[in-house]
Amino acid sequence: MNNPKELLERNFPTAVQDARNASKPSLYAGPDSSYDLAFADPEFLLHPELRSVRMQLELLKPELIQREENIESTIVMFGSARILPADVAQAKLDEAQSLPAGTARDHALRIAQRAVDMARYYEEARAFASLVTNHSAQLQSPIYVVTGGGPGIMEAGNRGAFDVGGKSIGLNIVLPHEQEPNPYITPKLCFQFHYFALRKMHFLMRSVALVAFPGGFGTLDELFEALTLMQTGKCRKRPVLLFGKDFWTKLINFDHLVETGMISPDDVNLFRFVETADEAWATLQKVYGLGQVEEDSACGW
């Protein structure tokens, strides 16, 4: 062997090379053929028997890309896909007010006024994401906002990061509706999931805090799974902030859960209520000592 460099060369072609070579026209190509490479054959990968392989791929793809992008710490923002930006909600109210008097107008006004009332959460979510993205940029490992990637509060979170020129992550999922990613996610960090379980795992894997805005079944599912994991010690505790005490205490009687012994009195300390973006960010600054980040980097970021 005359060239020592040959000792370090690959023994086998890469999967990319073989996939490219295998894509050339073949006598055995066609609808009834089994000739495609297994890893390049979508029909084969979609077999029910390959569910475990698909789950592994769905875990690995976002993990590898986030590693490549040096993403180590995130703040997860949950909330309803149905909450509108303030200007959109106001436009709907103006439209409803222009309708002729009658039952239809009254119904439209009730819905539009409700949208205006809830729109403050969109604006607070957007402001909070901007605060997180802007103020954590100086950290050794910045904190990135991650959302479910859809409209409503999710859009507000990605939009807030976008407003200040930062990256953000969207973990979208295939659904019959509301599944389209919003336009503010960093393209390389916009992922699509089939399995809810894998998506929820990725929400928690890098999170240093969870922030829940008003929402429906999906928000409650994500929130209570995270609380259960922390309550049972299956994952480390981290701040959980619930925006809007009035909403959450009307929705869930936490005191009743304690009084009936369904949860321990200390379990209500797994979360705290906040009302504004500034209050939420100040809470996280206090918990993690972020205000002293320039003088003391011992917080680990």
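Each remark here, short or long, concerns the structure printed above.
Residues numbered from 1 in each chain as written. Predicted model: local features only at pLDDT ≥ 70, side-chain atom pairs only at ≥ 80, totals over all residues. Heavy atoms only, no water.

Peer 1: Break down the pattern of salt bridges for me, with residues and values.
Peer 2: For side chains bearing opposite charge, pairing can occur when the charged atoms are close. One pass over the structure, following the stated rule, counts 11 salt bridges. We note a salt bridge from Arg206 to Glu63, for which the minimum N-O separation is 2.8 Å. You can see Arg206 sitting in the loop between helix H7 (196-205) and strand E5 (207-212) and its partner Glu63 sitting in helix H3 (residues 51-68), a full 143 residues away along the chain. One exposure class covers both Arg206 and Glu63, and it is buried. Among the salt bridges present, the one from Arg199 reaches Glu222, with a minimum N-O distance of 3.3 Å. Of this pair, Arg199 sits in helix H7 while Glu222 sits in helix H8 (residues 217-231), placing them 23 residues apart in sequence. Overall, Glu222 belongs to the buried group, its relative accessible area being 11%. Here the salt bridges share partners, and the residues they tie into one network are Glu68, Glu69, Lys167 and Lys188. (Salt bridge = Lys/Arg side-chain N within 4 Å of Asp/Glu carboxyl O. Helix = DSSP H or I, 4+ residues; strand = E, 2+ residues; numbered from the N terminus. Buried < 20%, exposed > 50% of the residue type's maximum accessible area, 1.4 Å probe, protein only.)

Peer 1: Tell me about the packing of aromatic side chains, and name the residues and values.
Peer 2: Inspection of every chain in the model, using the stated rule, returns eight aromatic pairs. Ring geometry for Phe78 against Phe203: centres 5.2 Å apart, planes inclined by 90°, an arrangement best described as edge-to-face. Taken together, the residues span a long stretch of sequence, with Phe78 in strand E1 (residues 73-78) and Phe203 in helix H7 at a distance of 125 residues. The exposure class assigned to Phe78 is buried, which follows from its relative accessible area of 5%. Joined through ring pairs, the aromatic side chains of Phe128, Phe213 and Phe243 make up one cluster. The ring of Tyr121 has Arg120 lying over it, and the distance from NZ or CZ to the ring centre is 4.2 Å. (Phe/Tyr/Trp six-rings, centres within 6.5 Å; stacked < 30°, edge-to-face > 60°. Lys NZ or Arg CZ within 6 Å of the ring centre and 35° of its normal.)

Peer 1: Which residues make up helix H6 (residues 153-163), and what are the values?
Peer 2: Of all 11 residues making up H6, nine are buried, and the element is well covered by its neighbours. Residues of H6 that are buried: Ile153, Met154, Glu155, Ala156, Gly157, Asn158, Arg159, Gly160 and Ala161. Those residues of H6 that are buried lie in contact with E1, helix H5 (103-136), strand E2 (143-147) and strand E3 (168-173). Backbone geometry just after H6 places Gly165 at a positive phi near 75°. (Contact = heavy atoms within 4.5 Å.)

Peer 1: Account for empty space enclosed by the protein, with residues named and values stated.
Peer 2: In total, this model carries one cavity of 30 Å³ or more according to the counting rule given. Volume-wise, the largest cavity comes out at about 40 Å³. For the largest cavity, the full set of lining residues is Phe78, Lys200, Phe203, Leu204, Glu222, Glu225 and Ala226. Counting only elements with at least two residues in the lining of the largest cavity, the list comes to H7 and H8. (1 Å grid on protein atoms, 1.4 Å probe; cavity = no way out; pocket = protein on both sides within 12 Å on 5 of 7 lines; lining within 4 Å. Points joined across faces, edges and corners; volume = space filled by probe spheres on them.)

Peer 1: Please provide a residue-by-residue account of the sheet that holds E2, values included.
Peer 2: The strand order across the open sheet formed by seven strands is E4-E3-E2-E1-E5-E6-E7, and the pairing between neighbours is parallel. Looking at strand neighbours, the two that pair on one side only are strand E4 (190-193) and strand E7 (272-274), the edges of this open sheet. Taking the axes of each pair of neighbouring strands and ignoring which way they run, one obtains an average angle of 25° across the sheet. Strand direction decides the pairing type here: E1 and E2, joined by five bridges, are parallel. Across the sheet, residue Ser73 finds its bridge partner in E2, namely Ile143. Sheet strands touched by H8: E1, E5 and strand E6 (240-243). Its angle to E6, the strand with the most contacts, is close to 150°. (Pairing = 2+ DSSP bridges. Axes fitted to C-alpha atoms, helices over the stretch in contact; angles between N-to-C directions.)

The quantities given are spatial measurements derived from coordinates; they are silent on function.
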